[in-house]
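# Results of the structural survey
Take a look at the letters that make up each chain.
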Amino acid sequence: MPFGECSITLQDVAYQLGLPIDDEPVSGCLTEFENLMEHGRPAWVWFRELFGELPPQSKVKQMTVCYTWFYERYQFLPTDATDETVRIYARAYILMLLLSQLFANKNANRVLLRWLPYLASLDDLGRYSWGSAALAWLYRCLCCGTNRNVVNLAGPLQLLQSWIFWRFSTLRPSGFDVFGFPLASRWATFLPRNDPGDQRLVSARLSLDRLRVHDFVWEPYSSAEVGAVIHPEILADEHHRLWTAVTRLIYFAAIEWHQVDRVILPQFGGLQHLPEPALNIDWLHAKDGRGGDRWFPTYYREWHNFLALCPRLKTTDMSISKFESVSGPGQIPLCSRRRSNKEAK
């Protein structure tokens, strides 16, 4: 960009989607996952327990179930539903919500059974870091989208769209002045124009080429209007520290890096210092936990053994950038980086 680098960060996830960013990782195996489940049991036995029945064999392919079967079977809750029936339908709704909104992929017509451990206890769903997992998946999808042979983009696209509309004033549609929390709900009724795709592409590229410094909103969440609707938990000090943390983001076998030190100062009220070289994680990008990748089950066990001892992210596990805000351009912020004990050795 003509004004420097910018990126979607954990702060954006917290404000835009209202999801937790500091809890247990959303992780597991894509293959042989049933052998790693707590109190392991055959996946289809567990499926029957959680959803009350098994899908027809025609709707099953390996460890996936046809999405349309889920939608048609659990679309409407019976009026005389028991408490157990309500729980079954709640699990089905949450599963469809995860796959269609936060973790959509290009194979959107299949439901992956790897989600069974997360649906077993509805009360435990709140202890996972859904926000950091969604950001990891978005990073991975955006990276894959840079391939010239890729024509479709997956991932939590409502997060990407809302981030664009909040940050780029010239790309923001008109008529959406009222908003609540989470902030992405502001665009719930937005419909793109019906122009042919190639025309919209040319228009978007032209808008990007014409961007000027003041067309990008560095701090969209600092206004009083946003402060009036935001959930107070988002503003807790421990969340502020995570927003500025250079740390790992985990979503199953997708491991991405929150390289926030490259954008932290302008997006958090300062001027950008000279960043360190971006971390090279090409090796991790080449791994997805499927097929011949036998490395992941081993690391999966190690991660969970480590997290059992240290379940929440701590400042000793990451780098945190600290700085003093500046009031305008041309001023140099006083910034320093406090590294983890491991990095300092």
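Just so we're clear, the structure is a prediction, and the values are computed from it rather than from any experiment. (Residues numbered from 1 in each chain as written. Predicted model: local features only at pLDDT ≥ 70, side-chain atom pairs only at ≥ 80, totals over all residues. Heavy atoms only, no water.)

### Regarding the sheet that holds strand S3 (residues 110-112)
Under the convention used in this document: Think of it this way: DSSP has to see at least two bridges between two strands before they count as a pair. Strands are runs of DSSP state E lasting at least two residues, helices are runs of H or I lasting at least four, and both sets are numbered from the N terminus onward.
With respect to topology, three strands assemble into an open sheet ordered S1-S2-S3, the strand pairing being antiparallel. Only two strands of the sheet have a single neighbouring strand rather than two, namely strand S1 (60-61) and S3.

### A look at the pairing of strand S5 (residues 248-251)
Here S5 runs beside strand S6 (residues 254-257); their pairing, made up of four bridges, is antiparallel. In the sheet register, Leu249 faces S6, and the bridge partner there is Glu256. Hairpin connection from S5 to S6: two residues lie between these consecutive antiparallel strands, with Phe252 at a positive phi of about 50 degrees.

### Thoughts on the packing of aromatic side chains
What counts is decided by this rule: Working definition: a ring pair exists when centres of Phe, Tyr or Trp rings (six-membered ring for Trp) sit within 6.5 Å. Plane angles under 30 degrees give stacked, over 60 give edge-to-face, the rest tilted. Exposure categories follow from relative accessible area, calculated using a 1.4 Å probe and restricted to protein chains: below 20% of the type maximum is buried, above 50% is exposed, and the middle band is partly exposed. Whether a charge sits over a ring comes down to the Lys NZ or Arg CZ being within 6 Å of the ring centre and within 35 degrees of the ring normal.
Under the definition given, this model contains 35 aromatic pairs. Judged by centre distance (4.6 Å) and plane angle (70 degrees), the rings of Phe216 and Trp218 are edge-to-face. With relative accessibility at 4%, the residue Phe216 sits in the buried group. Among the aromatic residues, ring-to-ring pairing joins Phe103, Trp115, Tyr118, Tyr128, Trp130, Trp137, Tyr251 and Phe252 into one connected group. Here Arg73 stacks its cationic end above the ring of Tyr74, 4.9 Å away from the centre of that ring. Here the basic side chain of Arg114 rests over the ring of Phe252, its NZ or CZ set 4.2 Å away from the ring centre.

### Side note on the side chain of Arg186
Inclusion rule: His is not counted here, nor are the chain ends, while Lys and Arg score as positive and Asp and Glu score as negative. A pair is scored as a salt bridge if a Lys or Arg side-chain nitrogen falls within 4 Å of a carboxyl oxygen belonging to Asp or Glu. By definition, residues are in contact when any of their heavy atoms lie within 4.5 Å.
For Arg186, the position within the fold is in the loop between helix H7 (157-167) and helix H8 (197-209). Lacking a salt bridge, the buried Arg186 has Asp177 as its closest oppositely charged neighbour, with an N-O distance of 4.5 Å. Those residues in contact with Arg186 that sit more than four places away from it in its chain are Trp166, Arg172, Phe176, Asp177, Val178 and Phe179.

### Brief notes about the nonpolar core
Put simply, the rule is: Residues belong to one nonpolar core when they are buried, are Ala, Val, Leu, Ile, Met, Phe, Trp, Tyr or Cys, and are joined through side-chain atoms within 4.5 Å.
Core analysis: the biggest nonpolar cluster contains 75 residues, and Val26, Phe51, Phe70, Phe103, Trp115, Trp130 and Tyr251 have the highest contact counts within it. The biggest single contributor to this core is helix H6 (residues 130-145), with nine residues. In this view, Tyr251 contacts Val26, Phe103, Arg114, Trp115, Ala133, Ala136 and Trp137; residues no more than four positions away in its chain are not counted.

### Some points on helix H4 (residues 83-102)
Quick reminder: α-helices carry 3.6 residues per turn. Residues three or four places apart thus point the same way. Cut-off, in case you're wondering: The span expected for a helix works out to 1.5 Å for each residue beyond the first.
The end-to-end C-alpha distance of H4 is 27 Å, a good match for the 28 Å that 20 residues give at a rise of 1.5 Å each. Among all positions of H4, only Ile88, Tyr89, Arg91, Ala92, Leu95, Met96, Leu98, Leu99 and Leu102 are buried.

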